[in-house]
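# Close look at the chain arrangement
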Amino acid sequence: MSISHRQVEVFRAVMQAGSLTAAAQALHSSQPTLSREIALMEQRLGYALFERGGARIRPTAAALALFETVQRHYSGLAEVQAQARALAQAELQPFELLAQPALAHALVPAALARCPAAAISITPAESPLLEAWMAEQRFDLALTERPEAPSGCQAEVLADLAEVAVLPADHALAAKPVLELADFAGQAFISLAPTDPYRVQIDALFAAAGIARELRVQTHSAATVCALVAAGLGLAIVNPLTAQACVGAQLVVRELAVRIPFRVVLLTPLHRPRHRLAAVLRQAVLGALDGAAG
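In this report, we go over the structure that sits alongside the text. As the structure is a computational prediction, the values presented were derived from the model and not from experiment.

## Notes on the packing of aromatic side chains
According to the stated counting rule, one finds 7 aromatic pairs in the structure shown. With 6.4 Å between their ring centres and 80 degrees between their planes, Phe11 and Phe67 make a pair best called edge-to-face. A residue pair is termed long-range when its members are at least 10 positions apart, and Phe11 in helix α1 (residues 5–17) and Phe67 in helix α4 (residues 61–92) qualify at 56 residues. On the basis of relative accessibility, which here comes to 0%, the residue Phe11 falls in the buried class.

## Some details on the sheet that holds strand β12 (residues 251–256)
The strand order across the open sheet formed by 4 strands is β8-β12-β7-β11, and the pairing between neighbours is mixed. Either end of the sheet is taken by a strand with one partner, and the two such strands are β8 (178–179) and β11 (236–238). By the bridge criterion, 3 bridges tie strand β7 (residues 164–168) to β11 in an arrangement that is antiparallel. Residue pairing across strands places Ala165 opposite Ile237, the latter belonging to β11.

## Some words on the pattern of salt bridges
Applying the stated criterion to the full structure yields 10 salt bridges. Two residues, Arg282 and Glu156, come together in a salt bridge whose shortest N-O distance is 2.5 Å. On the criterion of sequence distance, the pair formed by Arg282 in helix α11 (residues 278–293) and Glu156 in strand β6 (residues 153–162) is long-range, its members being 126 residues apart. Take Glu156: its relative accessible area is 25%, and that puts it in the partly exposed class. The partner of Arg259 in a salt bridge is Asp160, and the shortest N-O contact between them spans 3.4 Å. Here the residue Arg259 occupies a position in the loop between β12 and β13 (261–269), and Asp160 occupies one in strand β6, the gap between them amounting to 99 residues. Its relative accessible area of 47% is what places Arg259 among the partly exposed residues. The partly exposed category is assigned to Asp160, whose relative accessible area is 43%. Residues participating in the shared-partner salt-bridge network are Asp160, Arg259 and Arg263.

## Topic: the layout of surface pockets
Size it by volume and the largest pocket reaches roughly 610 Å³. In terms of lining residues, the largest pocket is bounded by 28 residues, among which Gln100, Glu145, Asp196, Pro197 and Tyr198 are the most central. Among the elements of the structure, α5 (101–106), α8 (197–209), α9 (222–230) and β13 are those that each provide at least two residues to the lining of the largest pocket. Of the residues assigned to the lining of the largest pocket, the class counts are 12 nonpolar, 9 polar and 7 charged. Its volume calculated, the second largest pocket comes out at about 300 Å³. Those elements giving two or more residues to the lining of the second largest pocket turn out to be β6, α10 (240–246), β12 and α11. Among the residues making up the lining of the second largest pocket, the classes are represented as 11 nonpolar, 1 polar and 4 charged.

Rules behind the numbers
Residues numbered from 1 in each chain as written. Predicted model: local features only at pLDDT ≥ 70, side-chain atom pairs only at ≥ 80, totals over all residues. Heavy atoms only, no water. Phe/Tyr/Trp six-rings, centres within 6.5 Å; stacked < 30°, edge-to-face > 60°. Helix = DSSP H or I, 4+ residues; strand = E, 2+ residues; numbered from the N terminus. Buried < 20%, exposed > 50% of the residue type's maximum accessible area, 1.4 Å probe, protein only. Pairing = 2+ DSSP bridges. Salt bridge = Lys/Arg side-chain N within 4 Å of Asp/Glu carboxyl O. 1 Å grid on protein atoms, 1.4 Å probe; cavity = no way out; pocket = protein on both sides within 12 Å on 5 of 7 lines; lining within 4 Å. Points joined across faces, edges and corners; volume = space filled by probe spheres on them. Nonpolar A, V, L, I, M, F, W, Y, C, P; charged D, E, K, R; others polar.

Given below as structure tokens:
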């Protein structure tokens, strides 16, 4: 015959308090009520838990053994409750989003416009710092251009796009819908920083084609590249999201005949409690990417 949760609770209280009177006070009950619960528990178990003698009771060897099991159960329950409280506190914390600067500028605002009102903290970071922070599980999600997943993270390619050309609106080449590499020959060109992987790839393509450009200005920021182009300082090749975010009266965007891949990758930490907004934000980013493609 099984024993009830109430009986186990009474048994634990008596074992901890050392007497029925003290246990009754701890449980806000009466001594006769607890005595009946213990007696019924012993009846159902088929053996004695306490030796009665005067006002105090002494636990039997069986009671001591049972108490160890009960304590382990309550200890585990306390751990579960503590973890539940910790997760509840985490839910109240701002959603921590990490993003490469180009994506923080050109993609994140459109994505957040699709989210319900929520507390979100945005931190821009370049590689390799971005990957290091995600490996340390410091952020809820990250947006990057690199498909390789850092340790302890999962990588998901959300979009596979292509780099584009940006030109001053009044430039002669703006009349062409698609630009060949040869169109850049002798043209003033705004470059990304020498260590930027897209800069390295773009320079290699022009070198392999034997095409010389006039390299005038370089910068770490794709948004700054677009601003320099809009000011009439030259042509450039940048990611399509930044290009679309910067397009205006002084700047136009054109396709390239050669494809230079540009990917948007979502990094998810595997060992950080999953924030309730993670799935919502992922869908918002996908929606913003669809809007940009449209």
